[in-house]
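Residues per chain are reported as follows:
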Amino acid sequence: MHRLKNGILRRYPDAHPSREPLCSGCGRCLGACAFLKEHGSPREIRDLAQTHPEEAFRLSYLCSLCGLCTALCPEGDDPAAYFLSLRQEAVRAGKVALASYSTLLAYEARGVSRRFTWSHLPEGCDTVFFPGCGLSGTRHEKVLRLWNYLRQSSPAMGLVLDCCTKPSHDLGRQDVFETAFGELQRWLLDQGVRRVVVACPNCFKVFHQYGEGLKTQSVYELMAADSDLTPSPLTGPQMIHDPCAVRFDVAIHQAVKALALRSGARMVDSTRGGRLTHCCGEGGAVGAVCPGYAGAWRESILTRRKEGALLTYCTGCASRLGQGGKVRHILDLYLNGEGAVPRVAKSPLTYVNRWLLKRKVKNLSEPAVTRERHIPMDRPAKGGLWLKLFICLGLVGAGMVLHRSGLTDSLAPEAVRQWVEGYGLAAPVIFIALYCIGPCLLLPASPLTLAAGLLFGPVMGLIYTMVGATGGATLAFLTSRYLAGDWVRRKVAGTGLERLDRKVAEEGWKVVAFTRLVPVFPFFLLNYAFGLTRVRLSHYVAATSVCIFPATLAFILFSSSLLDLLQGRITAPLVWGFLLLGAVGVIPFLVKRFWKKVP
């Protein structure tokens with residue numbers, strides 16, 4: 001094993017899960033990590049990998065790869081590197097589906113596309129500034145100011161707007177990562193570049209570990225060395241959050257603290273800073289498959305902030321932690337001129353900012369070596385925004401054509417429901433039977449709910465849907481509890497729903513009520529997941545039937561008026577349906593505080 005100067009192993013030469021562990025199982029790391037607290041020590045997971053490698057592969061994607069366990073380990077072990085090696089092995093063996101990470105991988109693919117990449121290397125350039133994707137999107141004007149500031153002491157410094165492709169690296173797509181990052185590394189070396197100045201901690205880690213031949217330096221160290229550089233004043237107590245990507249880089253910690261102290265703020269020391277810092281919740285892309293863990297890690301940081309605000313130097317941390325409190329990026333204090341601190345952009349405006357930044361640099365007139373990079377990134381297929389927009393426009397267009405042609409007359413609500421009534425008792429019986437079977441087959445319930453309003457009207461549609469939904473939920477619950485427990489455990493693994501049993505033991509039927517009131521939770525998975533818990537059947541059925549009523553009523557009122565809408569009529573049920581859908585959409589925010597408390 002080769003240990004780098006930042007304390008992180010470059011890679012395990014033997015990624016096989018049967019590797020002899022160094023972990024003694026002392027448990028020192030368990031209390032600091034929600035993942036290890038639930039699933040056991042690194043040694044236990046390594047033992048699991050010997051008998052059930054696929055389960056170990058799954059668990060590796062619940063680890064944030066933040067390295068806190070590495071910092072705490074008295075044996076000198078590096079569990080984070082081991083979990084990364086398990087991810088790499090899972091990808092090579094084709095044992096992991098990455099569809100849950102499609103949004104992140106699409107973001108990465110755009111970062112290495114022609115839309116946003118641009119390199120500008122002036123004559124004699126041997127050093128480049130690499131701001132990273134996040135800073136270029138959220139603070140594009142600051143990137144230009146920072147580059148111009150750096151060029152005051154190094155006039156030939158270039159600028160590279162690109163992506164380090166750390167998402168693929170952390171997801172275990174090592175071949176994809178090495179292809180994309182390796183191409184960038186070789187091109188920079190071929191152009192005579194020997195030093196890379198970075199602002200993003202994640203980019204720093206990637207270049208430091210894999211950028212052989214390139215000296216990596218943090219922009220914060222250069223700024224701290226300039227005693228004439230002064231920040232905007234900052235009042236009140238501040239606590240620095242060190243990003244986990246650079247937990248072992250003491251020089252960066254000291255530089256950022258020195259920059260913060262210049263602002264005049266009163267700094268509050270954190271017992272969980274430096275090498276013992278906690279992940280903000282974005283590490284390892286865990287939030288895509290288990291938001292409960294990601295939320296627990298974020299809350300562990302915010303709860304330690306007893307007073308004042310947080311300062312950090314990672315745009316991902318600033319964005320993530322800013323959802324629960326006041327957080328500033330250290331660069332927000334510097335290079336502001338006479339103006340106020342600039343506003344921070346959020347998605348999707350970040351893409352606009354990155355495009356604008358590229359255009360400004362591309363239009364520079366000075367002689368330079370330039371290029372626009374495009375790396376085709378293999379990523380899971382998922383319906384894109386343009387496809388969804390096309391489908392929506394197609395549906396609207398079809399409705400307009402039907403309305404103008406007069407064909408909607410035959411789709412009048414009265415005519416459709418009279419046609420359904422022609423089938424007598426068979427129509428509702430078949431519908432209820434389908435609704436009972438659907439959840440057991442893991443089919444979404446929303447299409448059937450919408451169909452009920454169209455076919456049976458608001459009153460009978462609501463009754464039939466409530467009967468079918470409650471019956472289907474009960475059938476899936478009983479199947480999970482008495483027939484297919486092992487299969488269900490595999491299905492809900494990694495979704496965060498496996499934590500339900502612990503919460504049910506504490507809160508009972510209230511957990512059923514709260515989760516049913518949040519329509520963003522998958523209805524069909526909840527049915528099976530609750531079958532694995534100790535909740536009583538009678539409590540489960542009662543809480544389910546009562547708490548699915550608001551969302552069901554909203555959907556039924558809305559769908560029962562769709563035919564009227566096609567005919568150009570706005571009816572009272574349609575308006576009430578829209579209002580109720582909006583009200584139901586607010587419910588997740590009301591119960592959010594409760595769900596965050598689940599460890």
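Just so it is clear, the structure is predicted and the values come from calculations on it, not from any experiment.

What counts, and at which threshold
- Numbers given to residues run from 1 along each chain, matching the order in which its sequence is written.
- Selection of residues for local features in this predicted model requires a pLDDT of at least 70, selection of side-chain atom pairs for listing and counting requires 80 or more, and totals for whole chains, interfaces and linings are taken over all residues.
- As a convention, hydrogens and water are excluded, and side-chain values are obtained from all of the structure's heavy atoms.
- Strands are runs of DSSP state E lasting at least two residues, helices are runs of H or I lasting at least four, and both sets are numbered from the N terminus onward.
- Burial classes: relative accessible area under 20% of the type maximum marks a residue as buried, over 50% as exposed, and values in between as partly exposed (1.4 Å probe, protein chains only).
- By definition, residues are in contact when any of their heavy atoms lie within 4.5 Å.
- The Shrake-Rupley method, run with a 1.4 Å probe sphere, supplies the accessible areas, and residue values consider only the shown protein chains as cover.
- Here a helix's expected span is defined as the number of its residues, less one, multiplied by 1.5 Å.
- Nonpolar cores are built from buried Ala, Val, Leu, Ile, Met, Phe, Trp, Tyr and Cys residues. Side-chain atoms within 4.5 Å join them into one set.
- Between N-to-C directions, angles cover 0 to 180 degrees, with each direction set by a line fitted to C-alpha atoms, over the stretch in contact for helices.
- A crossing counts as left-handed when the near helix is turned anticlockwise from the far one by less than a right angle, and as right-handed when that turn is clockwise.
- As a working rule, the residues Ala, Val, Leu, Ile, Met, Phe, Trp, Tyr, Cys and Pro are called nonpolar, Asp, Glu, Lys and Arg charged, and the rest polar, with Gly in that last group.
- The pairing criterion is simple: DSSP has to find at least two bridges between the two strands.
- Patch membership is restricted to residues that have no salt bridge and whose relative accessible area is over 30%. Joining uses 9 Å for like charges and 5 Å for the nonpolar side chains Val, Leu, Ile, Met, Phe, Trp and Tyr.
- Here a salt bridge means any side-chain nitrogen of Lys or Arg lying within 4 Å of a carboxyl oxygen belonging to Asp or Glu.
- A score from 0 to 100, pLDDT tells how confident the predictor is in each residue.
- Centre distance within 6.5 Å is the pairing criterion for rings of Phe, Tyr and Trp, where only the six-membered ring of Trp is used; planes under 30 degrees apart are then read as stacked, over 60 as edge-to-face, and the remainder as tilted.
- Placement of a positive charge over a ring is assigned whenever Lys NZ or Arg CZ falls within 6 Å of the ring centre and within 35 degrees of the normal to the ring plane.
- To count as a disulfide, a pair of cysteine sulfur atoms needs to be within 2.5 Å.

S.K.: Summarise the overall build of the protein; cite the residues concerned and give the values.
M.R.: The number of helices and strands found in the protein is 28 helices and ten strands. Counting over 599 residues, the protein shows a buried share of 53%. Within the protein, residue pairs in contact and separated by at least 24 positions form 77% of the contacts whose partners lie at least 6 positions apart. For the protein, the exposed surface amounts to about 27,700 Å²; the carbon and sulfur share of it is 60%.

S.K.: Could you give an account of helix α14 (residues 291–302), naming the residues involved and the relevant values?
M.R.: Three or four residues apart is the spacing at which side chains of an α-helix point the same way, because the helix has 3.6 residues per turn. Between the first and last C-alpha of α14 there are 16 Å, a value that for twelve residues agrees with the 16 Å anticipated at 1.5 Å per step. Within α14, ten of the twelve residues are buried, which leaves the element mostly enclosed by the surrounding structure. Burial in α14 covers these residues: Gly292, Tyr293, Ala294, Gly295, Ala296, Trp297, Arg298, Ser300, Ile301 and Leu302.

S.K.: I'd like a description of the nonpolar core, backed by residues and values.
M.R.: Across soluble globular proteins, you tend to see nonpolar side chains buried next to one another. Judged by nonpolar contacts, the single largest core of 58 residues is most densely connected at Phe129, Phe130, Leu188, Phe207, Tyr220, Met223 and Ile330. In terms of residue count, helix α8 (residues 140–153) provides more of this core than any other element does, six residues in total. Look past the residues within four positions of Leu188 in its chain and what remains in contact with it is Val160, Val193, Val196, Phe207 and Leu214. Formed by 31 residues, the second largest nonpolar core is a distinct cluster that contains Leu59, Tyr61, Leu84 and Tyr101.

S.K.: Tell me what's going on with the packing of helix α20 (residues 446–482) against helix α25 (residues 537–547), and back it up with residues and numbers.
M.R.: Here α20 crosses α25 at 150°, and the two axes come no closer than 10 Å. The handedness of the crossing between α20 and α25 is right-handed. Contacts from Met466, Thr470, Ala473, Thr474, Phe477 and Leu478 in α20 reach Leu537, Tyr540, Val541, Thr544 and Ser545 in α25. When grouped by side-chain class, the residues that make up the contact of α20 with α25 number seven nonpolar, four polar and no charged.

S.K.: Pulling in residues and values, what's your account of the sheet that holds strand β8 (residues 309–312)?
M.R.: What holds strands together in a sheet is hydrogen bonding between their backbones, with the strands either parallel or antiparallel. Reading across from one edge, β7-β6-β8-β9 is the order of the four strands in this open sheet, with parallel pairing throughout. In this open sheet, the two strands that pair with only one neighbour each are β7 (266–267) and β9 (327–329). Along the sheet, helix α15 (residues 315–322) contacts β6 (237–241), β8 and β9; its crossing angle with β9, the most-contacted strand, is approximately 165°.

S.K.: Now, about unusual backbone geometry: what can you tell me, with residues and values included?
M.R.: Here the bond from Ser347 into Pro348 is cis, since omega is 5°, no more than 30 degrees from zero. One non-glycine residue, Thr165, lies in positive phi territory at about 60°. For Thr165, the position within the fold is in the loop between β3 (158–161) and α9 (166–170).

S.K.: Describe in detail the environment of Arg114, supporting the description with residues and values.
M.R.: Along the chain, Arg114 falls in the loop between α6 (102–111) and β1 (118–122). Residues Arg114 and Ile375, spaced 261 residues apart in sequence, show a C-alpha to C-alpha distance of 8.6 Å. Apart from residues lying up to four places away in sequence, Arg114 is in contact with Lys358, Glu372, Arg373 and His374.

S.K.: Can you break down a nonpolar patch on the surface residue by residue, with the values?
M.R.: Together, Leu349, Val352, Trp355 and Leu356 line one region of the surface with nonpolar side chains, adding up to about 360 Å² of accessible area. Positionally, Val352 belongs in helix α16 (residues 349–362). What makes Val352 partly exposed here is its relative accessible area of 40%.

S.K.: Can you lay out the confidence of the model for the protein for me, pointing to particular residues and giving the numbers?
M.R.: Counting all residues, the mean pLDDT for the protein is 81, and 75% of those residues have values of 70 or more. Counting interchain partners and residues more than four positions distant, the pLDDT-below-50 stretch residues 1–20 has 48 contacts. Under a pLDDT of 50 for its full length, residues 594–599 has, in the predicted model, 15 contacts with residues more than four places off or in other chains.

S.K.: Describe the sheet that holds strand β5 (residues 215–218), with residues and values.
M.R.: In spatial order, the strands read β5-β4-β2-β3-β1-β10; together these six strands make up an open sheet with mixed pairing. Edge positions in the sheet fall to β5 and β10 (368–371), since each of these pairs with one other strand and no more. The sheet shows a mean angle of 20° between the axes of neighbouring strands, direction not considered. As paired strands, strand β2 (residues 127–130) and strand β4 (residues 195–198) are joined by four bridges and run parallel to one another.

S.K.: Which residues make up the packing of aromatic side chains, and what values go with them?
M.R.: Using the criterion set out here, one finds 16 aromatic pairs in the structure. With a centroid separation of 6.5 Å and an interplanar angle of 65°, the aromatic rings of Phe35 and Tyr293 are classed as edge-to-face. Of this pair, Phe35 sits in helix α1 (residues 34–39) while Tyr293 sits in helix α14, and the two are 258 residues apart along the sequence. When its relative accessible area of 0% is taken as the criterion, Tyr293 is described as buried. Residues Tyr293 and Trp297 carry aromatic rings whose centres are separated by 6.1 Å and whose planes lie at 40° to one another, so their mutual orientation is tilted. In this pair, Tyr293 and Trp297 are both assigned in helix α14, four residues apart and thus about one turn of the helix distant. Each member of the pair, Tyr293 together with Trp297, is buried. In this structure, Arg46 packs its charged tip against the face of Tyr82, placed 4.2 Å from the ring centre.

S.K.: Give me the lowdown on the state of the cysteines, citing residues and values where you can.
M.R.: All chains considered together, the criterion is met by zero disulfides. Sulfur of Cys317: no disulfide; nearest cysteine sulfur belongs to Cys314 and is 3.8 Å away.

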